[in-house]
Amino acid sequence: MANGQWFPADWPDRIRALADGTLEPVAPKRAATVMLLKDAEGGPVVHMLRRRASMAFAGGAYAYPGGGVDPRDDDRQVRWAGPTRAWWAERLGVDEAEAQAIVCAAVRETYEEAGVLLAGPTPDSVVGDTTGAGWEADRAALVARETSFAEFLGRRGLVLRSDLLGAWTRWITPEFEPRRYDTWFFVAALPEGQRTRNASTEADRTVWIRPADAADAYDKGELLMMPPTIATLRQLVPCATAAEALAAAPARDLTPVLARARLVDGEVVLSWPGHDEFTKHIPTGGAPA
């Protein structure tokens, strides 16, 4: 492997099946993931976790906290600070209920997997500490889907701080994958007073790392990543501070990035529009190059 690009062994066969019409794509599920940043010497660092090698999807790959949208968060409006639901709906390209659920998913997954909560008792505050038995019981209930995030916020009397998030990009899992996600990537800064921890059962390691260092380790084949992860890391490199990344987010293009697989001169060419570094050439009956 020349770099750390995650490439499952069954992809060539699935790509060929899609190309010849014998594979029916599954519908992607809505999801959200958050690039959590904090300022450090030499520039901002981003919080990443390494997925356990035993995971069926992207085992061993480095990623950000994230996961699927809970449909229950479409239905019940939550106390909300920052841009309106209508603003978020236009920004994300969905309706207002979906926009709330996607933003809720971003904040919930950051809490579930990193212990960081972008919410507070008032529209201009955040909770200072999410440790302790009570918080852990609530987090476990969210992970188990015993309660929705909207219910959690309501019972705690918390306001969701949508102004602490910036929508960065959107990627859709390739059509040949058995597990597909339509994922919105967000940026956020670590709130003052809060600390990250490895709260995810899906991860065996977490790190704070400069985007440039993570990208360099990927290029050397030392860190395994999926295309959206390394692509977003490269996009973060020019940002001198976490605030600069947040300020850049509103101007970012959220046109979905979806891989294309096509037959060209007897081989399958797998490409991600706008991201030429991920292009793979898969000979008929051979391994990718």
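As a reminder, the structure under discussion sits directly above these lines.
Computed from a prediction, not measured in an experiment: that's the story for all the values here.

Novice: Please explain the nonpolar core as it appears in this structure.
Specialist: For soluble globular proteins, the rule of thumb is that nonpolar side chains tend to be buried together. Core analysis: the largest hydrophobic core is formed by 40 residues, its most contacted members being L92, L117, L165 and F186. If you list the elements that add at least two residues to this core, you get β1 (29–40), α2 (85–92), α3 (96–114), α4 (133–143), α5 (149–156), β8 (165–172) and β9 (181–189). At ten residues, α3 tops the list of elements feeding residues into this core. Aside from chain neighbours lying at most four places away, what touches L165 is V34, W88, V103, A106, V107, L118, F186, V187, A188 and L246. With 39 residues, the next largest nonpolar core counts M35, A245, A249 and F278 among its residues.

Novice: Hey, could you run me through the packing of α3 against α4 in this one?
Specialist: Packed helix pairs are characterised by how far apart their axes lie and by the angle those axes make with each other. Orientation of α3 relative to α4, taken along the N-to-C sense of each, is 120°, at an axis distance of 10 Å. Between α3 and α4, the angle falls in the class oblique. The chirality of how α3 crosses α4 is left-handed. Of the residues in α4, those touching α3 at R108, Y111 and E112 are W135, R139, L142 and V143. When its residues are assigned to classes, the contact of α3 with α4 shows four nonpolar, no polar and three charged.

Novice: Looking at this model, I keep getting lost on the pairing of β9. Mind explaining?
Specialist: On a regular strand, each side chain points to the face opposite its neighbour's, so the side chains alternate between the two faces of the sheet. Among the nine residues in β9, seven count as buried, and that is most of the element. Taken together, the nine bridges between β1 and β9 define a ladder with parallel strand orientation. Note that in β9 the partner of K29 across the bridge is Y181. Bridging between β8 and β9 involves seven bridges; their strand directions are antiparallel. The partner of L165 across the bridge, within β9, is A188.

Novice: Explanation requested: helix α7 (residues 227–236) in the structure shown.
Specialist: For an α-helix the count is 3.6 residues per turn, leaving residues at separations of three or four pointing the same way. The element α7 is largely enclosed, with a buried count of eight among its ten residues. All of the buried residues in α7 are P227, P228, T229, I230, A231, T232, L233 and L236.

Novice: In this structure, what is going on with the pattern of salt bridges? I would like to understand it.
Specialist: Side chains that differ in sign of charge can pair as their charged atoms come close. Counted according to the given criterion, the structure contains 18 salt bridges. In this structure, the salt-bridge partner of R234 is D219, at a minimum N-O distance of 2.7 Å. With R234 in helix α7 and D219 in helix α6 (residues 211–219), this pair connects stretches of sequence that are 15 residues apart. For R234, a relative accessible area of 28% puts it in the partly exposed group. R234 is the partner of E277 in a salt bridge, and the nearest nitrogen-oxygen pair spans 2.8 Å. Of the two residues, E277 sits in strand β14 (residues 275–283) while R234 sits in helix α7, which places them 43 residues apart along the sequence.

Novice: Please explain the sheet that holds strand β12 (residues 260–264) as it appears in this structure.
Specialist: Backbone hydrogen bonds hold the strands of a sheet together, and the pairing may be parallel or antiparallel. With antiparallel pairing, the three strands of this open sheet are ordered in space as β12-β13-β14. The outermost strands of the open sheet, each flanked by one partner alone, are β12 and β14. Looking at each pair of strands side by side, their axes are set apart by 25° on average, direction ignored. Sheet topology places strand β13 (residues 267–272) next to β14; five bridges connect them, and they run antiparallel. By the bridge assignment, V268 is partnered in β14 with I282. Across the sheet, α7 touches β13 and β14, and the angle it forms with β14 is around 155°.

About the thresholds
Residues numbered from 1 in each chain as written. Predicted model: local features only at pLDDT ≥ 70, side-chain atom pairs only at ≥ 80, totals over all residues. Heavy atoms only, no water. Core = buried A, V, L, I, M, F, W, Y, C linked by side-chain atoms within 4.5 Å. Buried < 20%, exposed > 50% of the residue type's maximum accessible area, 1.4 Å probe, protein only. Helix = DSSP H or I, 4+ residues; strand = E, 2+ residues; numbered from the N terminus. Contact = heavy atoms within 4.5 Å. Axes fitted to C-alpha atoms, helices over the stretch in contact; angles between N-to-C directions. Parallel < 35°, antiparallel > 145°, perpendicular 65-115°, else oblique. Left-handed = near helix turned anticlockwise from the far one by under 90°. Nonpolar A, V, L, I, M, F, W, Y, C, P; charged D, E, K, R; others polar. Pairing = 2+ DSSP bridges. Salt bridge = Lys/Arg side-chain N within 4 Å of Asp/Glu carboxyl O.

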